[in-house]
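Observations on chain architecture
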Amino acid sequence: MRRFILFLLVAFSTSSIILSQNIQTPSEFLGYDIGTQFSRHHQVVDYFKTIAAATPQQVKLEQYGSTNERRPLYLAYVSSEANMANLETIRENNLKNTGILSGSPTSTDIAIVWLSYNVHGNEASSSEAAMLTLYKLLTERKDLLENTVVIIDPCINPDGRDRYVNWYNETASQPYDIDKQASEHHEPWPGGRANHYLFDLNRDWLWATQTETNARLQVYNKWMPHIHVDFHEQGPNEPYYFAPAAEPFHEIISDWQRDFQTQIGKNHAKYFDAEGWLFFTRERFDLFYPSYGDTYPTYMGAIGMTYEQGGHGMAGLGILNDEGHVLTLVERLTHHTTTGLSTVEIASKNATQLNNEFAKFFDNSNLKYKSYVLKGNEDKLNSLKKLLNKHEIQFENANGTKVSGYNYTNGGQGNMTINSNALVVHTNQPKGKMVKVMFEPNAKLSDSLTYDITAWSIPYAYGLDAIASTSQVNSSKLSERKALQVLNDAYGYVSKWSSMDDAQFLAELLEHNFKVRFTEKPFSSNGSNFERGSLIITKGDNRHVVDFLNTLNKIAQKHSQALTQINSGFSQTFPDIGSPDVKLINRQKVAVLSGEGTSSLSYGAIWHFFEQQLHYPLTSIDTDDFSSINLNKYNVLIMPSGYYGSVLNDDHMKKLKDWVRAGGKVIAIDGALRSFAGKDGFSLKYKTSEAEDDPDNLTAYADREREYTNQLITGAIFKTSVDRTHPMAFGYDDSYFSLKLGSSAYSLLDSGYNVAHLNDTKVYSGFAGKDALNNLDKTLVFGEERMGSGSFIFMADNPLFRSFWENGKLFLVNSIFFVNNNAYEL
Ligand SMILES: [Zn+2]
C-alpha cells in the first residue's frame, strides 16, 4: 500500500518538471531519486543555490552564519515576485505590527512562515524534505506564495547532519539492509543528533550558548515570523506527530495560538487521511520549557510547532519496524513535505487573521508583574545583559533605594535595597511575555507530566538577588561602565574572585605563564578587604614574565578586571602575602573522559566550557583507552555524567584510586557519582526513599504513569547551604540556588567535606513529587572526599547542564584550581 503511494509521489514529481522548465527537481539536481540516498549538507546547500540562481525573482538566499566545523548556515526567502520586490517593507510592516518598530504598518496581509529543518542531525529526512518543499512551492503550490513569505532553513545543524550522513554512507550495505539489528541502524557514540560541541540545539534557543543559535536569533528577531515549524523524527515504530501539542501549555499561550494549532492539525489530517497515513496529536510534546524550537517562537508570538516523523538515526534508508512495515527515507520525507506545504497553505488562507492576532499577542498590559529588579555582582549583571541583548529585550537601571514585591531569595514577599547599578526589566515592552517566561519566580504548571525541566527562573540561574514587582519600578537609561584604571608599579595586585569573568582572567594569566596566588583566608591590605579566593599577582613571583606590567594591564583590560594595588606583603589583617594560606595556583593539567559510557551531552558541555568559555586547555580521553593511558600526566580528571559500569572494572578502579592517592583529583558529575556511591573506600552513599504511596499496589493501570510523578523531580530549584570556607565555595555566599534535575539523592559524607547540601526542601521553582521531596532533606549537593594526597570531588547537581546555570560554573573552576591545591609540577 505505502509502496504504491511512493510510486505515485515519484511519478508526480516527474510530471511537474513540465510545469517549470527552468526549475530542476531535487532528483534531477542530485542525480538520484530523492530519498534513495542521504544528501550531504553541501548538496542541500548547492540545490538551494541552484534554485535561487534560476529564480532570483522568487528565491533569495542569505548566509546567516557558519558552524563550528565551518559549514555555512543558510536561509532561503521564498515568495511571489511582487512580494520579493517588497521584502524589506513586508519585514518592517511585521515589526511595526508588534510595536518592535515604531509607526503603523502600511499593510498586514502577508503571512510569514518559517520552516526549520534538521535541528537534530540524525533526524535526517527533513533536509531532504526541505529541498522538495522548496521545489513544490515554486511549482505546483505557487499560488500559496501570493500572500506568504516562506523562510526555509534547510538545515539548522549541518555538523550533526553530516556526522550522521557520513557515518551512514560508510556503514550501510548496498542495497540497504532493513534488518534492524544491522550495524547501519546503530549509530556509534555520540551520534549525529547534537552539534559540534554535542549540544542539543533544540534545548538552546533561549540560552543561546551555541554559535548556530546566536546566528539564527539575529535573523529570527529581525523577522519575527507568524508560524515556526521545527521538523523532527522519533523512533521508527512511531507514526507521525503534529499539532496541536500536549499539555502542559505555558499560561501565556493565547487562546488564538491554541485554536490555530488545532486548525493546522486538522488541515494536515485532511492530507494524511486521504493517503491512509497514521498520525497522532495532543500527546507527548508539550509547550512549557522555553528553549525549544516550538516554545521559543510561541513565546515570541508565533504559532510554534514540532512535527515528528517516525524514523530517526535508527531508520537509515529503510528499516523493517516492529509493526512489520518497511519504513523508507522516501516515505519519511514525503510526510514532512506534506505537512510543510499544508502549513503554508493554511497560513495563506488565514494571512490577514494571522497578522491581526499576532499583533494582539504583543499587548502586555495585563501581566501580573510589571518589573523585575535584579542586583548583585556586576559581572553577573553583565552576563545577563548579554543574554537579554540576544533576544532584543530592553532593560534599564533602577531609580530609588528600595523595591518591594516577590523576593526570590526568601521565596516570599519582601523588600530589597538597591543602588543605581540594579537592573530593571519591564514587561510593558513588545517582548514582555518572554520577559515573564524568563524571569517569573515559578511558572504555572497545568500538568506535572512534562517532557522537560520545569524551572529555569533567571535570577536563580544567574545568582542575582531579585524582586518581582506588581507595579512598574522607576528606571532610567543604563549608566556607562566606568573605564578601568591603568595599573602602576606596585608590590602586587589583587583581584576579586566571584564570577566567570574572574575565572577567565585567571585562565589567561596561567596561559601566559603568570604565577598567581589565591588566599584561603580573608585579609586586608592598603585599606581594602579581600575575600577568600581573591587572586594575588606579585611582581616578585613574576620576574620571568617579559614586560610584566604591560602584559598584566592588557589582560586585565581585556577581562574588565579592576585590580587593587598593594604596596607591601605585610597585611593589616593577616595572612600576609607570603603566608602558607596564600597559595600558588598550579597550572593544572586537566583531562576529561569521553566516548562510550559517558553522556555525550554532559561531555559536550564540559568540552564547550573549557574551549569557548574558560579558554583553558583540556585533554579528552576516550574511555576505550582507559587501561593504557598514563594518568600521571594530569592533575585533574573530570568524569562527565554517564554509566561507567564497563569502564571502571576492578583493575581500572584500582588504577584510578592509586592515582588519586598519589595526588590526583577526580571531579565526578551527576550520574558519574553512581560509580563511587556505596563502593569500597568511599563514604559517598545513596539515600533511598522508604515512602510508599500505595502499599497494597492497587493503583489502577491507567493511573500508574501519573502516580509515578510522585517520585520525580523534573528540574526544580532548591536553596542549598554552603560552607563558604571550603575552597570549592570561594566566591559564593552561604546559600546557593541549585537546579536539581532528578530524584537521585546522596547522604551527607561521613568523612570528607559537605560543601553544599540541602537542609531545606522548599521548592523555590519547578515541580518535585512528594516522595522524591521527602528523600531530599540533608543530602549532598557538592562535596569533597580525600583519599591519600588526592581528592574525589562530587557534584550531585550538574552545574554545566545546557550551560545556562551561570552561577554554578565557579564551583567547577574552584574544584580544578583551589580544592586540595597540590602545586606539584608534572
Ligand atoms: Zn528531534
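1. With respect to the coordination of the zinc ion
- All of the protein donors around the zinc ion are H120 (ND1), E123 (OE), E123 (OE) and H232 (ND1); their distances to the metal are 2.0 to 2.5 Å.
- Classification of the site at the zinc ion rests on its 4 donor atoms, whose angles at the metal span 57 to 158 degrees, yielding the label irregular.
- Between consecutive donor residues of the zinc ion, the sequence gaps follow H-x2-E-x108-H. Here E123 is found in the loop between β3 (111–116) and α6 (125–138), whereas its partner H232 is found in strand β5 (residues 227–234), with 109 residues between them in sequence.

2. A word on the side chain of H185
- Mapped onto the elements of the fold, H185 is located in the loop between α7 (158–171) and α8 (211–223).
- A distance of 2.6 Å separates a polar atom in the side chain of H185 from the backbone oxygen of M314.
- When sequence neighbours within four positions are dropped, the list of residues in contact with H185 reads W167, D177, I178, D179, K180, M314, A315, G316, G318 and I319.

3. Re the confidence of the model for the protein
- Across the protein, the average pLDDT comes to 94, with 96% of residues at or above 70.
- Under a pLDDT of 50 for its full length, residues 1–19 has, in the predicted model, 24 contacts with residues more than four places off or in other chains.

4. Comments concerning the nonpolar core
- Counting 150 residues, the largest nonpolar core has L384, F439 and L552 as its most contacted members.
- Among all residues touching L552, those that are not within four sequence positions of it are L487, Y493, F505, L509, F514, I537 and L563.

5. Notes on the sheet that holds strand β31 (residues 716–722)
- Read across the open sheet, the 9 strands follow the order β28-β27-β29-β30-β35-β34-β33-β31-β32; overall the sheet is mixed. Of all strands in the sheet, those with a lone pairing partner are β28 (619–622) and β32 (735–740), marking the two edges. For this sheet, the mean inter-axis angle between neighbouring strands, taken without regard to orientation, is 25 degrees.
- Inspection of the sheet shows strand β27 (residues 590–594) paired to β28 by 4 bridges, in the parallel sense. From the neighbouring strand, V592 faces β28, where its bridge partner is S620.
- Packing against the sheet, helix α19 (residues 650–661) makes contact with β29 (636–639), β30 (665–669), β34 (779–787) and β35 (790–795), and its axis sits at approximately 115 degrees to β35.

6. Section: the pattern of salt bridges
- The tally for this structure, following the rule as stated, stands at 35 salt bridges.
- Two residues, E345 and K270, come together in a salt bridge whose shortest N-O distance is 4.0 Å. With a gap of 75 residues between them, E345 in helix α11 (residues 329–349) and K270 in helix α9 (residues 255–275) connect regions that are remote in the sequence.
- Given the relative accessible area of 43%, K270 is considered partly exposed.
- Salt-bridge contacts for R724 lead to E531; the nearest nitrogen and oxygen are separated by 3.8 Å. One end of the pair, R724, is in the loop between β31 and β32; the other, E531, is in the loop between β23 (528–530) and β24 (535–538), and 193 residues separate them in sequence.
- Salt bridges sharing partners connect three or more residues here, namely E123, R193, D200, R203, D452 and R802.

7. Quick word on the pairing of β24
- In β24, alternate side chains face the same way, and those of L535 and I537 on one face and I536 and T538 on the other are all buried.
- Inspection of the sheet shows strand β20 (residues 492–495) paired to β24 by 4 bridges, in the antiparallel sense. Looking across to β24, one finds that S495 is bridged to L535.
- Both strand β21 (residues 517–519) and β24 contribute to a ladder of 2 bridges, which runs antiparallel. Bridge pairing in β24 places R517 opposite I536.

8. Digging into the environment of D294
- Here D294 is to be found in the loop between β9 (286–287) and α10 (295–299).
- Overall, the relative accessible area of 5% leaves D294 in the buried class.
- Taking C-alpha positions, D294 is 9.5 Å from Y307, a pair spaced 13 residues apart along the chain.
- Within the local environment of D294, its side chain forms a polar contact with the side chain of T306, the two groups lying 2.7 Å apart.

9. Considering the packing of aromatic side chains
- Inspection of every chain in the model, using the stated rule, returns 59 aromatic pairs.
- Arranged with centres 5.3 Å apart and planes meeting at 50 degrees, the rings of W114 and Y220 form a pair that is tilted. A residue pair is termed long-range when its members are at least 10 positions apart, and W114 in strand β3 and Y220 in helix α8 qualify at 106 residues.
- Residue class for W114 comes out buried when judged on its relative accessible area of 0%.
- According to the relative accessible area criterion, Y220 is buried, its value standing at 0%.
- Taken together, the ring pairs in this structure connect Y240, F242, F272, W277 and F279 into an aromatic cluster.
- Residue placement shows K762 over the ring face of Y764; its charged tip is 5.1 Å from the ring centre.

The rules we used
Residues numbered from 1 in each chain as written. Predicted model: local features only at pLDDT ≥ 70, side-chain atom pairs only at ≥ 80, totals over all residues. Heavy atoms only, no water. Donors = N, O, S within 2.8 Å, 3.2 Å for Na, K, Ca; no water. Tetrahedral: all angles 85-135°; square planar, octahedral: opposite > 155°, others 65-115°. Helix = DSSP H or I, 4+ residues; strand = E, 2+ residues; numbered from the N terminus. Polar contact = N/O pair within 3.5 Å; in protein donor to acceptor, adjacent residues only side chain to side chain. Contact = heavy atoms within 4.5 Å. pLDDT = per-residue confidence, 0-100. Core = buried A, V, L, I, M, F, W, Y, C linked by side-chain atoms within 4.5 Å. Buried < 20%, exposed > 50% of the residue type's maximum accessible area, 1.4 Å probe, protein only. Pairing = 2+ DSSP bridges. Axes fitted to C-alpha atoms, helices over the stretch in contact; angles between N-to-C directions. Salt bridge = Lys/Arg side-chain N within 4 Å of Asp/Glu carboxyl O. Phe/Tyr/Trp six-rings, centres within 6.5 Å; stacked < 30°, edge-to-face > 60°. Lys NZ or Arg CZ within 6 Å of the ring centre and 35° of its normal.

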